[in-house]
Number of protein chains: 2
Amino acid sequence: MTGPTDRQPLDRRTLARALSRSANATVADILAHWQPPRRGLARRIGITGAPGTGKSTLISRLVRCRLAHADRLGVLAIDPSSPYSRGAILGDRIRMDDVADDDRLFIRSLASRGAHDGTSDNIADLLAVMDAHGFDEVILETVGVGQTEYAVRTLVDTVVLVLIPESGDQIQAMKAGLMEAADIFVVNKCDLPGAGRISSEVRAVLARVHRDDRWQRRVVETSAERASGFEALSAAIMEHQAWTMSRRSEQEVRAARAAHQIKELFSRRVGELVEGELAQRLDRPLPELYAEVLARLATERG
Amino acid sequence: MTGPTDRQPLDRRTLARALSRSANATVADILAHWQPPRRGLARRIGITGAPGTGKSTLISRLVRCRLAHADRLGVLAIDPSSPYSRGAILGDRIRMDDVADDDRLFIRSLASRGAHDGTSDNIADLLAVMDAHGFDEVILETVGVGQTEYAVRTLVDTVVLVLIPESGDQIQAMKAGLMEAADIFVVNKCDLPGAGRISSEVRAVLARVHRDDRWQRRVVETSAERASGFEALSAAIMEHQAWTMSRRSEQEVRAARAAHQIKELFSRRVGELVEGELAQRLDRPLPELYAEVLARLATERG
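Okay, so let's go over this structure. Every value quoted in this text rests on a predicted model; they were computed, and no experiment measured them. (Residues numbered from 1 in each chain as written. Chains lettered and ligands numbered in written order. Predicted model: local features only at pLDDT ≥ 70, side-chain atom pairs only at ≥ 80, totals over all residues. Heavy atoms only, no water.)

A separate point is the overall build of chain A. Helix and strand content of chain A: 12 helices and 9 strands. Out of the 302 residues in chain A, the part that is buried amounts to 56%. Once local pairs closer than 6 in sequence are excluded, the contacts in chain A between residues at least 24 apart make up 79%. As displayed, chain A offers around 12600 Å² of accessible surface, 49% of which is attributable to carbon and sulfur atoms. (Helix = DSSP H or I, 4+ residues; strand = E, 2+ residues; numbered from the N terminus. Buried < 20%, exposed > 50% of the residue type's maximum accessible area, 1.4 Å probe, protein only. Contact = heavy atoms within 4.5 Å. Areas by Shrake-Rupley, 256 points an atom, 1.4 Å probe, with all protein chains shown as cover.)

Below, the structure is given as structure tokens:
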């Protein structure tokens, strides 16, 4: 999707400021400060899974593999309990010291802002900021079971769902549809007992749960303890990226991202108007209320 | 929330037409045909759960109990596989013959329309139609695991989650947050082995998962086979209704429902504009796109 071009050096301070601003911005702010992407669009990898599945440690290992394929790599963690701080993973025995100072890497942890679907309602804005700063690839870490995977699906190109050997019970519940949402399944902490069984269970469910797009979903076992599986995960991600790129043009990706962001911005602004300015007067007829929200939106134009 | 007043007889044909129209209506249609509720608002009960948990049969039993407390009772099933047809539950050994002809009962099954959260994006409109037709109580049946419960939460007053003895694995996965979404937990098919164990598991999880509003969540065992538990379920629902009414005025409920419906209508209209009319031209700068959607919306006013 991207290739090396006449790239400007990454201005880390400007980027950090832009992300902070976006994280708390009003819709008007977002539009006022919007900048077109300087170059192609970043490939987006979503890493999601329940709390305790070791997503952050997994990402610190994955980052090392991905730096071989990305001159500018970003990590955004949307997680209230995220252990990232200043480019390091806190509480992790193997700190990211060997990559934290790498000029090509930018890591940022952002607290989630209340969207009902378990993700922030402004992740699209944050990812757009990354696009505008010329990243080759962005890893988005989100926490959650269930509804989150659906939301992440629309935001990223490749969805990686992280499970652990104790997740057995979860797999049964996921039959209903969650298995459709992920492209790659990671059985992390595969040094723990039961890892083989869980991989088999995932494969068995995948064999039964049909997916329309014919992508052959992968199951990868990883272990930070044994330092194994991360190259295989990286390879699986690249297979999926290549497959995705063969099916969608950059133009289509760009349009889908813009469409999603526009819808989120309107939804947020209408929510603000209804919950804030109109909240006292919601007992009027619906058509009148609709017209009033429309009128208020329209006065903000220009 | 409501009481007997100078009630007009239910015009079943008009209501059926209004629901069909709403199910397929554009936003402009909804607003053009909107009518204010004739009297108080219907109490809303959401019944949700995975496929195969016996929701429809449970509802047919529950309906008999609820008719003792509602002069006008509605059932809306949003479920592609719903077995309701002309007031009867197909494939059910005990048909609803004894209640199907009851003038006080209105049952309607509607196919789900693609909202990404597993519910229709127009359920708020359908429920508003029921409000306008003077129902005392409406039972909303939705199917799903996970994301659906969150969406239903904003639409109804009381959320009932239906589990069965085989749902054990699901309960583990629900720990992360789904247990917060339901007010009453039903272990249906409690004649099957393992029912006691599952009730205990639910209670154990509830004891650990805190809920801010201090409602003491109930666990009720039901069995259509043994014709047991449905009065207890009905009683638990009434306890929750009384508790809810003590905390919110009818005015607040009405405002919340209007707010939700307004937000859904805008979100749907913006989605249509972006995906339909603008889809070819999404490669322009975001602020320009936003302004254009706004301009299009504004021309529809009046």
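On to the nonpolar core. Ranked by size, the top nonpolar core spans 42 residues in total, and within it Ile262(A), Tyr290(A), Val293(A), Ile262(B), Tyr290(B) and Val293(B) carry the most contacts. The set of elements that each furnish at least two residues to this core consists of α2 (27–33), α11 (250–277) and α12 (286–299) of chain A together with α2 (27–33), α10 (250–277) and α11 (286–299) of chain B. Other than its neighbours up to four places away in sequence, Val293(B) contacts Ile262(A), Phe266(A), Val270(B), Leu273(B), Val274(B) and Leu278(B). (Core = buried A, V, L, I, M, F, W, Y, C linked by side-chain atoms within 4.5 Å.)

With that settled, consider the packing of aromatic side chains. Think of a pair of aromatic rings as described by two things: how far the centres are apart, and how the planes are tilted against each other in angle. One pass over the structure, following the stated rule, counts 6 aromatic pairs over all chains. Look at Tyr290(A) and Phe266(B): their rings are 4.2 Å apart centre to centre, the planes differ by 15°, and that puts the pair in the stacked class. Pair noted here: Tyr290(A) is in helix α12 and Phe266(B) is in helix α10, and the two residues belong to different chains. Here the two residues Tyr290(A) and Phe266(B) agree in accessibility, since each one is buried. (Phe/Tyr/Trp six-rings, centres within 6.5 Å; stacked < 30°, edge-to-face > 60°.)

Turning to the packing of α11(A) against α10(B), a few remarks are in order. Contact geometry for α11(A) and α10(B): axes closest at 9 Å, N-to-C directions at 155°. Judged on the interaxial angle alone, α10(B) and α11(A) are roughly antiparallel. In the crossing of α11(A) with α10(B), the sense of the turn from one axis to the other is right-handed. Between α11(A), through Ala259(A), Ile262(A), Lys263(A), Phe266(A), Val270(A), Gly271(A), Val274(A) and Glu275(A), and α10(B), the contact on the second element is made entirely by Ala259(B), Ile262(B), Lys263(B), Phe266(B), Val270(B), Gly271(B), Val274(B) and Glu275(B). For the contact of α11(A) with α10(B), the per-class residue count stands at 10 nonpolar, 2 polar and 4 charged. (Axes fitted to C-alpha atoms, helices over the stretch in contact; angles between N-to-C directions. Parallel < 35°, antiparallel > 145°, perpendicular 65-115°, else oblique. Left-handed = near helix turned anticlockwise from the far one by under 90°. Nonpolar A, V, L, I, M, F, W, Y, C, P; charged D, E, K, R; others polar.)

Where the residue is not glycine, phi is negative for most of them; where a peptide bond is considered, it is trans in most cases. Phi angles above zero are rare outside glycine, and Lys189(A) is one such case at about 55°. Mapping Lys189(A) onto the fold places it in the loop between β8 (184–187) and α9 (195–208).

All names here are of chain B. Inspection of the secondary structure assignment puts Arg-248 in the loop between α9 (230–247) and α10. When its relative accessible area of 31% is taken as the criterion, Arg-248 is described as partly exposed. Along the primary structure Arg-248 and Ala-298 are separated by 50 residues, whereas in three dimensions their C-alpha atoms are 35 Å apart. In this structure, Arg-248 is in contact with Asp-157 and Val-253, ignoring residues within four places of it in sequence. Reaching out from Arg-248, the side chain makes a polar contact with the side chain of Asp-157 at a distance of 3.1 Å. (Polar contact = N/O pair within 3.5 Å; in protein donor to acceptor, adjacent residues only side chain to side chain.)

It is worth spelling out the side chain of Arg66(B) at this point. Within the fold, Arg66(B) resides in helix α3 (residues 55–66). Overall, the relative accessible area of 0% leaves Arg66(B) in the buried class.

Here the focus is the environment of Val160(B). All names here are of chain B. Topologically, Val-160 is positioned in strand β7 (residues 158–163). Judged by its relative accessible area of 0%, Val-160 is buried. Through-space distance from the C-alpha of Val-160 to that of Ala-242 is 15 Å; in sequence the pair is 82 residues apart. When near neighbours in sequence (up to four residues on either side) are disregarded, Val-160 contacts Ile-45, Gly-46, Ile-47, Thr-48, Ile-184, Val-186, Leu-233 and Ile-237.

All names here are of chain B. Spatially, β5-β2-β6-β1-β7-β8-β9 is the arrangement adopted by the 7 strands of the open sheet, whose pairing is parallel. Each edge of the open sheet is held by one strand with a lone partner, namely β5 (105–110) and β9 (218–221). The mean inter-strand angle of the sheet, taken between neighbouring strand axes irrespective of direction, is 20°. Strand contacts of helix α1 (residues 12–24): β2 (73–78) and β5, with the helix running at about 25° to β5, the strand carrying the most contacts. (Pairing = 2+ DSSP bridges.)

So, on to the side chain of Asp183(B). Residue and element names in this part refer to chain B. Along the polypeptide, Asp-183 turns up in the loop between α7 (168–174) and β8 (184–187). A polar atom in the side chain of Asp-183 sits 2.9 Å from the side chain of Arg-153. Excluding residues within four positions of it along the chain, Asp-183 makes contact with Arg-153, Asp-157, Thr-158, Val-159, Arg-211, Trp-215, Arg-217, Arg-218 and His-240.

This next bit is on the sheet that holds strand β9 (residues 218–221) of chain A. Residue and element names in this part refer to chain A. Spatially, 7 strands are ordered β5-β2-β6-β1-β7-β8-β9 in an open sheet, and the strand pairing comes out parallel. This sheet does not close on itself; its edge strands, each paired only once, are β5 (105–110) and β9. Geometrically, the sheet is characterised by an average inter-axis angle of 20° between neighbouring strands, direction not taken into account. As paired elements, strand β1 (residues 43–49) and strand β7 (residues 158–163) share 5 bridges and run parallel to each other. Bridged to Gly-46 within β7 is Val-159. In this fold helix α3 (residues 55–66) packs onto β1, β2 (73–78), β5, β6 (137–143), β7 and β8, with an angle of close to 170° to the strand it touches most, β6.

Moving on, we come to the packing of α12(A) against α11(B). Where α12(A) contacts α11(B), the two axes come as close as 10 Å, and the packing angle between them is 140°. What the angle tells us is that α12(A) and α11(B) run oblique. Seen from above, α12(A) lies across α11(B) with left-handed handedness. The residues of α11(B) that touch α12(A), namely those facing Tyr290(A), Leu294(A), Leu297(A) and Ala298(A), are Tyr290(B), Leu294(B), Leu297(B) and Ala298(B). Grouping the constituent residues of the contact of α12(A) with α11(B) by class yields 8 nonpolar, no polar and no charged.

The final tally for this structure, using the stated rule, is 42 salt bridges over all chains. The closest approach of N and O atoms between Arg197(B) and Glu201(B), which form a salt bridge, is 2.4 Å. Placement of both Arg197(B) and Glu201(B) in helix α8 (residues 195–208) is noted, with a separation of 4 residues, approximately one turn of the helix. Arg218(B) serves as the salt-bridge partner of Glu239(B), at 2.4 Å between the closest nitrogen and oxygen. Highlighted residues: Glu239(B) in helix α9 and Arg218(B) in strand β9, separated in sequence by 21 residues. Its relative accessible area of 39% is what places Glu239(B) among the partly exposed residues. When its relative accessible area of 22% is taken as the criterion, Arg218(B) is described as partly exposed. Several salt bridges share partner residues, and in doing so they unite Arg269(A), Glu272(A), Glu277(A), Arg281(A), Arg284(A), Glu288(A), Glu292(A) and Arg296(A) into one network. (Salt bridge = Lys/Arg side-chain N within 4 Å of Asp/Glu carboxyl O.)

All names here are of chain A. Burial along β8 is two-sided: the residues Ile-184 and Val-186 and Phe-185 and Val-187 are all buried. Where β7 lies against β8, 4 bridges are found, and the strand directions are parallel. Bridging from a neighbouring strand, Val-160 pairs with Ile-184 of β8. Both β8 and β9 contribute to a ladder of 4 bridges, which runs parallel. When the sheet's bridge partners are listed, Val-186 is paired in β9 with Val-220.

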